[in-house]
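Structural features, examined
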Amino acid sequence: MKKILIILLFIPTLVYSQEYPILDTLNFGKNVKEVLVYRKHASDKKENLIKKYVFNPQKQQRTIYTGYNSSYQYKDEYEYQNDKLISYKSYSKCSLVDNIDWSVVEKIDSTMYEKVNPEEIDWEKSANLNKYMTLEYYENGKVSSIKLYEQLSEGESYLDEEIKFIYNSKGQIESKTYSEKGHPNVIKFQVFKPSSLELNDSIKMLSGTMRKKRFYYFNDTTFIKYFVNGIHTGNEYQIFNPDEETKTYTVYNPLNDTLSLSVETFNENQLLISRKNILQKGYNGFGFSLDVAAGDEYFYEYDNLKRIKKVDCYDIGEFYYSDTYIVNKK
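Residues numbered from 1 in each chain as written. Predicted model: local features only at pLDDT ≥ 70, side-chain atom pairs only at ≥ 80, totals over all residues. Heavy atoms only, no water.

**Description of the environment of Asp312**
Selection rule: Where helices and strands are cited, they refer to DSSP runs of H or I of at least four residues and of E of at least two residues respectively, numbered from the N terminus. Buried means the residue's accessible area, taken with a 1.4 Å probe over protein chains only, is under 20% of the maximum for its type, while exposed means over 50%, and partly exposed covers the values in between. When checking whether two residues touch, look at their non-hydrogen atoms; a contact exists if any pair is within 4.5 Å.
Relative to the helices and strands, Asp312 is located in strand β19 (residues 308–315). On the accessibility criterion, Asp312 (13% relative accessible area) is buried. Separated by 13 residues in sequence, Asp312 and Phe299 place their C-alpha atoms 5.2 Å apart. With residues near it in sequence (within four places) discarded, Asp312 still touches Glu297, Tyr298, Phe299, Glu301, Phe319, Tyr321 and Ser322.

Right, dumping it as structure tokens:
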């Protein structure tokens, strides 16, 4: 099995991963102008465009538009240098109409927003820059650090977090350190107690929380220990079974309670063909809660060039939606 560094994917991004940041770097190879993604839910009569990948090899850029026929539109920009990702920007814009009387609104429906093509938005002038990320590399080409910036208000951004990578002599990740940067703003939210699924109300300053993962390798098993401010908060086991071509991800808290369990299956070309989320208790063992969205099993199909062609999603055994990828060449 190939060791993947930051979720540099040749398949659609999956939220199951315990890693972050999650970067959608879907790759369709050379001579591809764009890729259109159409989705059809079980209740839909036709497929609907939900996402478009636009490739510009001259500028070493990749742009992703999402939010067609939606109340929110998004634009993600990926910039490369010598085939290495060096920066990422994420913009968003709300297309709700201006004259809504919110005092009488019970729920948001399709009559309350304009149908906006995200490709036609002037993103530099009329949208919010939500996230900005830069990547640096060691001389051997491996990522050394990732810096994540957030925007609190228009024109005001701050360095939110820095992730540093250390490797062993075999080039495997030995540790990843996530350092939150201090900031005067206060955030009100709920947090998990250490080694527990209980929540506490909390008011937190962005004042430098330190999270760390230590990696240990044993044949076909990767063992990862989680720490938050030096306190052991969880363990993860990634076990590859070469006979069955499966990889199992299991996360435990320090009391050995299972927090999540998922299984991936690969074909003879080491392409992911299915993933099943068997258990998810809503906590990742690393100090964060997780949204448990509909859809617990995915199946993947590829074209003759080993590029993703279709993804079928099921929820509790019932068909939920299907995504189809259409490649437009230059």
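**Overview of the pairing of strand β13 (residues 221–228)**
Here is the rule we go by: Any two strands with at least two DSSP bridges between them are considered paired.
With six of eight residues buried, β13 lies mostly within the body of the structure. Two elements, strand β12 (residues 210–218) and β13, share eight bridges in a ladder whose sense is antiparallel. By the bridge assignment, Tyr217 is partnered in β13 with Thr222. Counting the residues in the hairpin turn of β12 and β13 gives two residues, including Asn219, whose phi is positive at 55°. With eight bridges connecting them, β13 and strand β14 (residues 231–241) associate as antiparallel partners. Residue Ile224 lies in a different strand from β14, and its bridge partner there is Glu236. Taken together, β13 and the strand that follows it, β14, pair antiparallel across an intervening segment of two residues, in which Asn229 is found at a positive phi of about 50°.

**Comments concerning the pairing of strand β5 (residues 84–94)**
Along a regular strand, successive side chains alternate from one face of the sheet to the other. In terms of strand pairing, strand β4 (residues 72–81) meets β5 through ten bridges, oriented antiparallel. Its bridge partner lying in β5, Asp76 is registered against Ser90. Adjacent in sequence and paired antiparallel, β4 and β5 are bridged by two residues, among which Asn82 carries a positive phi angle near 55°. Both β5 and strand β6 (residues 128–137) contribute to a ladder of six bridges, which runs antiparallel.

**Remarks on the nonpolar core**
To keep it simple, the criterion reads: For our purposes a nonpolar core is just a set of buried Ala, Val, Leu, Ile, Met, Phe, Trp, Tyr and Cys residues, chained together by side-chain atoms within 4.5 Å.
The biggest cluster of nonpolar side chains holds 41 residues, and the ones touching the most others in it are Phe28, Tyr53, Ile146, Ile308 and Tyr325. Beyond its immediate stretch of four places on either side in the chain, Phe28 contacts Val35, Phe55, Arg307, Ile308, Tyr325 and Val327. Among the nonpolar cores identified, the runner-up in size contains five residues, and Tyr68, Tyr91, Ile121 and Trp123 belong to it.

**As for the packing of aromatic side chains**
Here is the rule we go by: By convention, a stacked pair of Phe, Tyr or Trp rings (six-membered ring in the case of Trp) has centres within 6.5 Å and planes under 30 degrees apart, an edge-to-face pair has planes over 60 apart, and any other such pair is tilted. Should the NZ of a Lys or the CZ of an Arg lie within 6 Å of a ring centre and within 35 degrees of the ring normal, that charge is described as sitting over the ring.
Overall, the coordinates contain twelve aromatic pairs when judged by the stated rule. A ring pair is formed by Tyr132 and Tyr149, whose centres lie 5.5 Å apart and whose planes are at 40°; its orientation type is tilted. Of this pair, Tyr132 sits in strand β6 while Tyr149 sits in strand β7 (residues 143–153), and the two are 17 residues apart along the sequence. With relative accessibility at 24%, the residue Tyr149 sits in the partly exposed group. Three or more aromatic residues joined by ring pairs make a cluster, and in this case those are Tyr216, Phe223, Tyr237 and Tyr252. Seen from the ring of Tyr321, Arg39 lies directly overhead, with NZ or CZ sitting 3.8 Å from the centre. Taking NZ or CZ as reference, Arg275 lies 4.9 Å from the ring centre of Tyr249, over its face.

**Some thoughts on the pattern of salt bridges**
Close approach of charged atoms lets side chains of opposite charge pair. Filter applied, for reference: We count a salt bridge whenever a side-chain nitrogen from Lys or Arg sits within 4 Å of a carboxyl oxygen from Asp or Glu.
Inspection of the entire model under this criterion finds nine salt bridges. Between Lys52 and Glu34 there is a salt bridge whose closest N-O contact spans 3.9 Å. Here Lys52, found in strand β2 (residues 48–56), pairs with Glu34, found in strand β1 (residues 32–41); they are 18 residues apart in sequence, far enough to count as distant. The partner of Lys75 in a salt bridge is Glu77, with the nearest N and O atoms 2.8 Å apart. Residue Glu77 is classed as partly exposed on the basis of its relative accessible area of 22%. Through salt bridges that share partners, Glu34, Lys52 and Glu119 make up one connected network.

**Brief notes about unusual backbone geometry**
Most of the time, phi is negative for any residue but glycine, and the peptide bond is trans. One non-glycine residue, Asn256, adopts positive backbone phi at about 70°. Here Asn256 shows up in the loop between β15 (246–252) and β16 (258–266). Of note, Ile316 is a non-glycine position whose phi angle comes to about 50°, a positive value. Owing to a relative accessible area of 70%, Ile316 belongs among the exposed residues under this scheme.

**Remarks on the confidence of the model for the protein chain**
To keep things clear, this is the line we draw: Looking at any residue, its pLDDT shows the predictor's confidence there, from 0 to 100.
On average, the protein chain scores 82 in pLDDT, and the residues at 70 or more come to 78%. pLDDT under 50 marks residues 186–197. Its contacts with residues more than four places away, or in other chains, come to 37 contacts. For residues 201–205, every residue scores under 50 in pLDDT, and the model assigns this stretch 19 contacts once sequence neighbours within four places are set aside.

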